[in-house]
Amino acid sequence: MVTGKTTIIGVIGDPIAHSLSPAMHNAAIEALGLDWCYVAFRVSSDRVREAVVGVRGLNIRGINVTVPHKQAVMPFLDEVSDEASAIGAVNTIKHEDGRLIGYNTDVYGIRAALRYGTGLHPLPPEVVVLGAGGAARGIVYALAGCEGVERLTILNRTVEKAERLAEEMLAGAASTGPVEIEAHSLDPGDVRAALKSAGLIINATSVGMHPQVDDTIIDDPDAFCEGQLLLDTVYNPRQTRLMAVAQCGGARAVNGIDMLVYQGAKSFEIWTGMSPPVDVMRGAIEGHPS
Ligand code: ATR
């Protein structure tokens, strides 16, 4: 029950009505018996400053930030973590004694999903990332710093964007470690060549997400092979068409639920200082009608 003493946390984004974060965080709150409540706020792009300043004004303990505001919130924060500033996106804000601190827990989310969710450790030397947008940035940054990864290939419809991302990540190599980063297009020849020697393929685009469930960024099962793992960051539907294509080619495939759960778990830990009940959070997502 919400009382006069209840601590408020939440999420801002637009659209936000279909976010699974309230279900996931409120399940964690309940499991730990906290007098906290997680609320979804629909915030339009012209109100981002007011929303962030309002976190301080209303004494909200912290918020998640989702599409399309992950970059827009940054100028209004008092401090931004090294990871978040290297990626150029904040997905978690903590309010501490009047100070607003920005973090990016998507980095932890992808690393933990791979380590605990797939058992892939160390990671294979060759990894392919599909896409070069905001989500891909965080994934390329996170993987470049992972044990085992020697070469990252970014494949994107607009090859110039993939090249820019590769250059930018290489320029920040001090933080990303000794990896090669290449950029190519999504032409069938480029896809086959890149996937041939890859152990891990990550779809960092939203292609295939509800309601466009018949879309897939690669439709050639022969581009995949046994021994590979495809991680699709899409989790609605649970089984995407891309996952089916990869499985048809002999690869193993997982969806983005673990990534969502682990990024949320890390945000929860940042706000509460408590160990997050990860299984409860996953259960809330899996039990949610999609
Ligand atoms: P996000 O923050 O979710 O990553 P974004 O920054 O708009 O969103 O990036 C979307 C990514 O999905 C881009 O890599 C985009 O490719 P382009 O750079 O060529 O636009 C990719 N994308 C979106 N729709 C696509 C489609 N139908 N086919 C292939 N790639 C697509």
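The rules behind the values
- Think of each chain on its own: its residues are numbered from 1, step by step along the sequence as written.
- pLDDT decides what is reported in this predicted model: residues at 70 or higher carry local features, side-chain atom pairs at 80 or more are listed and counted, and totals for whole chains, interfaces and linings draw on all residues regardless.
- Working from all heavy atoms in the structure, the side-chain values ignore hydrogens and water.
- Strand pairing is assigned whenever DSSP identifies at least 2 bridges connecting the two strands.
- Helix and strand assignments come from DSSP, with helices taken as H or I runs of at least 4 residues and strands as E runs of at least 2, each series counted from the N terminus.
- Relative accessibility thresholds used throughout: buried, under 20% of the residue-type maximum; exposed, over 50%; partly exposed, between the two (1.4 Å probe, protein chains only).
- Every residue pair with non-hydrogen atoms within 4.5 Å of one another is taken to be in contact.
- Only a single heavy atom is needed: when it lies within 4 Å of a molecule or strand, its residue is near that molecule or strand.
- Whenever two N or O atoms come within 3.5 Å, that pair is a polar contact, provided that in protein one can donate a hydrogen and the other can accept it, and provided that, for residues adjacent in sequence, both atoms are side-chain atoms.
- Method for areas: the Shrake-Rupley scheme with a 1.4 Å probe, in which residue coverage is limited to the protein chains shown.
- The residue classification treats Ala, Val, Leu, Ile, Met, Phe, Trp, Tyr, Cys and Pro as nonpolar and Asp, Glu, Lys and Arg as charged. All others, Gly included, are polar.
- Helix axes are fitted to C-alpha atoms over the stretch in contact, other axes to C-alpha atoms as well, and angles between N-to-C directions run from 0 to 180 degrees.
- Relative orientations are named as follows: roughly parallel for angles under 35 degrees, roughly antiparallel for angles over 145 degrees, roughly perpendicular for angles from 65 to 115 degrees, and oblique for any other angle.
- Left-handed describes a crossing in which the near helix is turned anticlockwise from the far one by less than a right angle; the clockwise case is right-handed.
- Any carboxyl oxygen of Asp or Glu that lies within 4 Å of a side-chain nitrogen of Lys or Arg is treated as forming a salt bridge with it.

Further remarks concern the sheet that holds strand S2 (residues 36–42). Read across the open sheet, the six strands follow the order S2-S1-S3-S5-S6-S4; overall the sheet is mixed. With one partner strand each, in any of the chains shown, S2 and strand S4 (79–80) form the two edges of the open sheet. Direction of pairing for strand S1 (residues 7–13) relative to strand S3 (residues 62–65): parallel, over a ladder of four bridges. Paired with Ile 9 across the strands is Gly 62, a residue of S3.

Bringing the environment of Lys 266 into the picture now. Within the element layout of this structure, Lys 266 appears in helix H10 (residues 257–272). Under the relative-accessibility criterion, Lys 266 is labelled partly exposed at 23%. Taking the C-alpha atoms as reference points, Lys 266 and Arg 42, 224 residues apart in sequence, are found 22 Å from one another. With residues near it in sequence (within four places) discarded, Lys 266 still touches Thr 105 and Tyr 108.

Attention now goes to the site of the ligand. Taken together, Gly 131, Ala 132, Gly 133, Gly 134, Ala 135, Asn 156, Arg 157, Thr 158, Lys 161, Thr 205, Val 207 and Ile 217 make up all the residues around the ligand. Here an oxygen atom of the ligand sits 2.9 Å away from a polar atom, N or O, in the side chain of Lys 161. Considering the ligand on its own, with 650 Å² of exposed area, one finds that the protein chains cover 64% of that surface. Tallied by class, the residues present in the shell around the ligand amount to four nonpolar, six polar and two charged.

Bringing the packing of helix H5 (residues 134–144) against helix H6 (residues 159–171) into the picture now. Contact geometry for H5 and H6: axes closest at 11 Å, N-to-C directions at 40 degrees. In this view, H5 runs oblique relative to H6, as classed from their interaxial angle. Like other packed secondary-structure pairs, H5 and H6 cross with a definite hand, here right-handed. Contacts between H5 and H6 involve Ala 136, Arg 137, Val 140 and Tyr 141 on the former and, on the latter, Leu 165, Glu 168 and Met 169. Taken together, the residues of the contact of H5 with H6 break down into five nonpolar, no polar and two charged.

Another aspect to go through is the pattern of salt bridges. Oppositely charged side chains may form a pair once their charged atoms are brought near each other. Summed over all chains, the structure comprises 13 salt bridges. Residues Lys 94 and Glu 96 are paired through a salt bridge, measuring 2.8 Å at the closest nitrogen-oxygen approach. Overall, Glu 96 belongs to the partly exposed group, its relative accessible area being 34%. Linking Lys 266 and Glu 269 is a salt bridge whose minimum nitrogen-to-oxygen distance equals 3.7 Å.

Function cannot be read off these values alone, since they describe shape.
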